[in-house]
Amino acid sequence: MSLLPTPPHSTLTVISTIPASTTTLAAPRPAVILPGLGNNTGDYKDLVLTLREVYGLPSVVTKVSRVDWLRNAAGLLDPNYWRGTLRPRPVLDWYLERVEEAVAEAKQLLADGGKISLIGHSAGGWLARLYLEEFGASNISLLLTLGSPHLAPPKDLPGIIDQTRGLLDYVEKNCAPAVYTPELKYICLAGRYIRGARLVGNSKDTSNNLNPVDEEPNDSESIKDTGNKKSLPATPSLRARFIGQGYKQVCGEADVWGDGVVPEVSAHLEGALNISLDGVYHSPVGSDDTARPWYGSPSVLAKWAHHLLT
């Protein structure tokens, strides 16, 4: 496969792996990994190892502990939290400062004129967009998100609560839109690990079609991964119904595909190169790399690592 960027209007069905040892790049582009909500730096140690040992890519994980996430509780003192109009500052200052520290560390690994990739997992994806807006993108050439909820939940449905209390709405309205360009590529990965179901009743579609894209979104490339066909049961399981309620809080619908936490439709972003991968679970926590691989598992990483090499 060519290392040249793919024009964002085509549809691919095959994704190949290009190990760093086979490329002719002068120097690897270091990556900064942004942890998701509730995750810590150590959750990504295997991803860092695989990127380095298999692809020759150095990476820096933003330094975050699980306890650090309790800092977000400061938002409870802000009246905007209760109105659902919370703003990033000051509640997220600590996280953005940690990202800036990680970016500064990654810059030390850069060759002259080189740039950095940002890899945002889960909430780290939209936090990366916020970072670009606040700190600038002059040193960044790629934002790649893994199961990140990019879209604010609908406001007009009963029982739907924006778990970010307005932060995603702020990102949508105030951060630069995703525009896939040679200078700054936006790539969004969504997992299709399990289809949710309504709390009551059966699924509206019990076909075994795992292809995530019926139509190509405007200004984006859609990649289909159809190598893991599964049959859907006629009667949804209790697990599917439970997960469906989580999906509903994120996108307003329960009966959709997702990675077990974030629905596919929310993990894609208009204007980005959007990729859906069958059988991929949301988090490194709870993944076993085989029966339940996550985005950073070696077999899944092989499907998207080449984007870090171009």
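Computed from a predicted structure; not experimentally measured. (Residues numbered from 1 in each chain as written. Predicted model: local features only at pLDDT ≥ 70, side-chain atom pairs only at ≥ 80, totals over all residues. Heavy atoms only, no water.)

K.L.:
What's the story with the pattern of salt bridges in this structure? I'm lost.
P.N.:
Between side chains of opposite charge, a pair can form when the charged atoms approach closely. Enumeration over the complete set of coordinates arrives at 11 salt bridges. A salt bridge links Glu105 to Lys63, with the nearest nitrogen and oxygen atoms 3.5 Å apart. Note that Glu105 is positioned in helix H3 (residues 93-107) and Lys63 in the loop between strand E3 (59-61) and helix H2 (79-83), a separation of 42 residues in sequence. Linked through salt bridges whose partners overlap, the residues forming this network are Asp68, Arg71 and Arg98. (Salt bridge = Lys/Arg side-chain N within 4 Å of Asp/Glu carboxyl O. Helix = DSSP H or I, 4+ residues; strand = E, 2+ residues; numbered from the N terminus.)

K.L.:
It is not clear to me how the packing of aromatic side chains should be interpreted in this structure. Could you clarify?
P.N.:
By convention here, two paired aromatic rings are described through the distance between centres and the angle between planes. The tally for this structure, following the rule as stated, stands at 6 aromatic pairs. Taking 5.4 Å as the distance between ring centres and 85° as the angle between the ring planes, the aromatic pair formed by Trp69 and Trp94 counts as edge-to-face. Of the two residues, Trp69 is situated in the loop between E3 and H2 and Trp94 in helix H3; the sequence distance between them amounts to 25 residues. The pair Trp69 / Trp94 is uniform in exposure class, with both members buried. Here Trp69 and Tyr95 contribute two aromatic rings whose centre-to-centre distance is 5.4 Å and whose plane-to-plane angle is 40°, an arrangement assigned as tilted. With Trp69 in the loop between E3 and H2 and Tyr95 in helix H3, this pair connects stretches of sequence that are 26 residues apart. (Phe/Tyr/Trp six-rings, centres within 6.5 Å; stacked < 30°, edge-to-face > 60°. Buried < 20%, exposed > 50% of the residue type's maximum accessible area, 1.4 Å probe, protein only.)

K.L.:
Explanation requested: the pairing of strand E5 (residues 140-146) in the structure shown.
P.N.:
Residues in a regular strand point their side chains to alternate faces of the sheet. Of all 7 residues that make up E5, 7 are buried, and the element is covered over most of its length. Sheet topology note: the strand E4 (residues 116-121)/E5 ladder contains 6 bridges and is parallel. Bridging from a neighbouring strand, Gly120 pairs with Thr145 of E5. Regarding topology, helix H4 (residues 123-135) serves as the crossover connection from E4 to the parallel E5, and that connection is right-handed. Pairing geometry for E5 and strand E6 (residues 185-192), over 5 bridges, is parallel. Residue pairing across strands places Leu143 opposite Tyr186, the latter belonging to E6. (Pairing = 2+ DSSP bridges. Right-handed = clockwise from strand over helix to strand, strands pointing away.)

K.L.:
I keep staring at unusual backbone geometry and nothing clicks. Help me out?
P.N.:
Negative phi values dominate among residues other than glycine, just as trans dominates among peptide bonds. Note that the residue after Arg89, namely Pro90, is joined by a cis bond; omega there is 10°. Within the secondary structure, Pro90 is located in the loop between H2 and H3. One non-glycine residue, Ser122, lies in positive phi territory at about 55°. As for its position among the elements, Ser122 is in the loop between E4 and H4. You can call Ser122 buried: its relative accessible area is 10%. In the Ramachandran plot, Asp289 falls in the positive-phi region, its phi being about 70° despite a non-glycine side chain. Relative to the assigned elements, Asp289 resides in the loop between strand E10 (273-278) and helix H8 (298-301).

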